[in-house]
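A closer look at the structure
Given next are the chains, with one letter for each unit.
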Amino acid sequence: MASINTPAEVMAAEQEPGAVFLDVRGEDEVKAESLQSRPYKQAKCSLDDCSELMSKAETLMSDKNAPVIIFCRSGRRAGKAKEVLERKGYKKVLNAGGVKDMSYLSQSS
């Protein structure tokens, strides 16, 4: 299982300039349940196909030094996306786990 960053790590990264929340779930999943407490960007990445994320990464997140906080449903696809972005040169990529695991963000907004 992919390593998931702690809430403290995610909240600290969020405070850095240019931090981006990235949802790597499919559009149907996003429509069913989205992150309400923060603005985010979306690019699909599955365990076996991250082509959409690969093609959209530089457009969605142009600053490779700014934190990218990735989430999905459980953290597995976010872990895969983290690997993909790190290979593309992103320096600070965090796996925030599943969207339901991120309820702590609504308490700090």
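A brief report on the enclosed structure follows.

Conventions and cut-offs
Residue positions are given per chain, counting from 1 as you read along its sequence in written order. At least 70 in pLDDT is required for a residue's local features to be given in this predicted model, at least 80 for side-chain atom pairs to be given and counted, and no such filter applies to totals for whole chains, interfaces and linings, which use all residues. Excluding hydrogens and water, the side-chain figures rest on all heavy atoms present in the structure. Burial classes: relative accessible area under 20% of the type maximum marks a residue as buried, over 50% as exposed, and values in between as partly exposed (1.4 Å probe, protein chains only). Numbering of helices and strands runs from the N terminus, with a helix taken as a DSSP run of H or I at least four residues long and a strand as a DSSP run of E at least two residues long. Regarding the arc, it is the one traced by the directions from the helix axis to the C-beta atoms. In what follows, a contact means two residues having at least one pair of non-hydrogen atoms within 4.5 Å. Two rings from Phe, Tyr or Trp (for Trp, the six-membered ring) form a pair when their centres sit within 6.5 Å of each other. Planes less than 30 degrees apart are called stacked, planes more than 60 degrees apart edge-to-face, and all others tilted. In these notes, a set of buried Ala, Val, Leu, Ile, Met, Phe, Trp, Tyr and Cys residues joined through side-chain atoms within 4.5 Å is what counts as a nonpolar core.

A few words now on helix H3 (residues 51–60). Within the sequence span of H3, burial applies to Leu 53, Ala 57 and Leu 60. End-on view of H3: buried residues confined to an arc of 95°, all on one side of the axis. H3 presents Ser 55 and Thr 59 as exposed residues on the side facing more than 90 degrees away from its buried surface. On its buried face, H3 is in contact with strand E1 (20–23), strand E2 (41–42) and helix H4 (76–87).

Describing an aromatic ring pair means giving the distance of the ring centres and the angle of the ring planes. Here the structure, examined in full by the defined rule, presents one aromatic pair. Ring plane angle 75° and centroid distance 5.9 Å describe the contact between Tyr 40 and Phe 71, whose orientation is recorded as edge-to-face. Of the two residues, Tyr 40 sits in the loop between helix H2 (27–32) and E2 while Phe 71 sits in strand E3 (residues 68–72), which places them 31 residues apart along the sequence. Using a relative accessible area of 26% as the deciding quantity, one classes Tyr 40 as partly exposed.

If you look at the biggest cluster of nonpolar residues, it comprises 19 residues, and the most contacted ones within it are Leu 22, Leu 53, Met 61, Ile 70 and Leu 85. Listing elements by their share of this core, those giving two or more residues are E1, H3, E3 and H4. By residue number, the principal contributor to this core is H4, which donates four residues. Not counting residues up to four positions away in its chain, the partners in contact with Ile 70 are Leu 22, Val 24, Ala 78, Ala 81, Lys 82, Leu 85, Val 93, Leu 94, Asn 95, Ala 96 and Gly 97. In terms of nonpolar packing, the next biggest core, distinct from the first, is built from 12 residues, Val 10, Ala 13, Phe 71 and Tyr 104 among them.

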